[in-house]
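Overview (structure and organization)
Chain by chain, the residues run as shown.
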Amino acid sequence: NWKKSSTEAVKLTEYGQCGKDGVSMQKRITKNLTLKILAFLIAVFLWLIVINIDDPVDTQTFDNIPVEVKNEQVVKSKGKMYQILDGTENVSVKVTAKREILEKLTSSDFSAVADMQEMQINSLIPIKVSVKRYSSECKAEASPNNLVVEINDVKQKVFPLTVSVSGTPQNG
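Attention in this report is confined to the structure presented alongside it.

Calculation notes
- Residues numbered from 1 in each chain as written.
- Predicted model: local features only at pLDDT ≥ 70, side-chain atom pairs only at ≥ 80, totals over all residues.
- Heavy atoms only, no water.
- Helix = DSSP H or I, 4+ residues; strand = E, 2+ residues; numbered from the N terminus.
- Buried < 20%, exposed > 50% of the residue type's maximum accessible area, 1.4 Å probe, protein only.
- Contact = heavy atoms within 4.5 Å.
- Areas by Shrake-Rupley, 256 points an atom, 1.4 Å probe, with all protein chains shown as cover.
- Pairing = 2+ DSSP bridges.
- Axes fitted to C-alpha atoms, helices over the stretch in contact; angles between N-to-C directions.
- Phe/Tyr/Trp six-rings, centres within 6.5 Å; stacked < 30°, edge-to-face > 60°.
- Patch = residues over 30% accessible without salt bridge, like charges linked within 9 Å, V, L, I, M, F, W, Y side chains within 5 Å.
- Salt bridge = Lys/Arg side-chain N within 4 Å of Asp/Glu carboxyl O.
- 1 Å grid on protein atoms, 1.4 Å probe; cavity = no way out; pocket = protein on both sides within 12 Å on 5 of 7 lines; lining within 4 Å.
- Points joined across faces, edges and corners; volume = space filled by probe spheres on them.
- Nonpolar A, V, L, I, M, F, W, Y, C, P; charged D, E, K, R; others polar.

Our next topic: the overall build of the chain. When helices and strands are counted, the chain shows 5 helices and 7 strands. Counting from the amino terminus, helix and strand elements in the chain follow one another as α-α-α-β-α-β-β-α-β-β-β-β. For the chain, the proportion of its 172 residues judged to be buried stands at 19%. A sequence separation of at least 24 residues applies to 68% of the contacts in the chain between residues at least 6 apart. Surface summary for the chain: the accessible area is close to 13700 Å², and the carbon and sulfur share equals 55%.

Cis geometry marks the peptide bond from serine 143 to proline 144; its omega dihedral reads 0°. As for its placement among the helices and strands, proline 144 is situated in the loop between β6 (139–143) and β7 (146–153). At asparagine 32, a residue that is not glycine, the phi angle is positive and equals roughly 60°. Looking at where asparagine 32 falls in the secondary structure, it is placed in the loop between α2 (25–30) and α3 (33–53).

What follows is about the sheet that holds β7. Spatially, the 7 strands line up as an open sheet ordered β2-β7-β5-β4-β1-β3-β6, and their pairing is mixed. Of all the strands in the sheet, just β2 (80–84) and β6 have a single pairing partner and so form its edges. Along the sheet, successive strands turn relative to each other by an average axial angle of 35°, direction set aside. Of the pairings in the sheet, the one linking strand β4 (residues 110–115) to strand β5 (residues 124–131) comprises 5 bridges and is antiparallel in character. For alanine 114, the partnering residue across the bridge sits in β5 and is isoleucine 127.

Turning next to the packing of aromatic side chains. Using the criterion set out here, one finds 1 aromatic pair in the structure. Measuring from centroid to centroid gives 4.9 Å for phenylalanine 62 and phenylalanine 110, while their planes differ by 45°, and the two rings are tilted. Of this pair, phenylalanine 62 sits in strand β1 (residues 57–70) while phenylalanine 110 is found in strand β4, placing the two residues 48 residues apart along the sequence. Side by side, phenylalanine 62 and phenylalanine 110 carry an identical accessibility label, which is buried.

Attention now goes to a nonpolar patch on the surface. On the surface, Leu33, Ile37, Phe40, Leu41, Val44, Trp47, Leu48 and Ile51 cluster together into a nonpolar patch covering about 760 Å² of accessible area. With respect to the element layout, valine 44 can be found in helix α3. The partly exposed category is assigned to valine 44, whose relative accessible area is 32%.

Moving on, we come to the layout of surface pockets. Rolled over the atoms, a probe as big as a water molecule pinpoints where empty space is left. Looking at the largest pocket, its volume works out to about 170 Å³. Along its surface, the largest pocket is lined by Val74, Val75, Lys78, Lys80, Met116, Met119, Asn122 and Ile151. Of the residues contributing to the lining of the largest pocket, the split by class is 5 nonpolar, 1 polar and 2 charged.

Laid out in structure tokens, this is it:
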């Protein structure tokens, strides 16, 4: 009963129940199933090893890093004051490093400093970014790369105050 004539195999093939040689598709899939599963697991394992060994360089951006202003006395000693413009009091820091290092970095690992002694054109102060951890293994740059300030004269004006008391003050 297991043998089939060639005409029966052709009829079964026409209906999609068997392959060319008369073996069902289900048997082809399940034949050596453990070897197929083992080969798949080995392939996944090798892929994970290659991904972890190869640590590619990548770029990541950290937003809202506050800019610290240094040497404010340069402006204040001249009887002037400054006001930060264009929302440049916070910067985005673009970091290029190996993926393993980028995964460990947080926004608190960066400091952005604008030194008033380096002011250019009376309104632009270059922002220097430093990385607290992994500084030798990272490249970081700020965006925007200048703190924009407006310098104004300090004006003093005396206003006369008159105090008037109404009611009775409470004890104590």
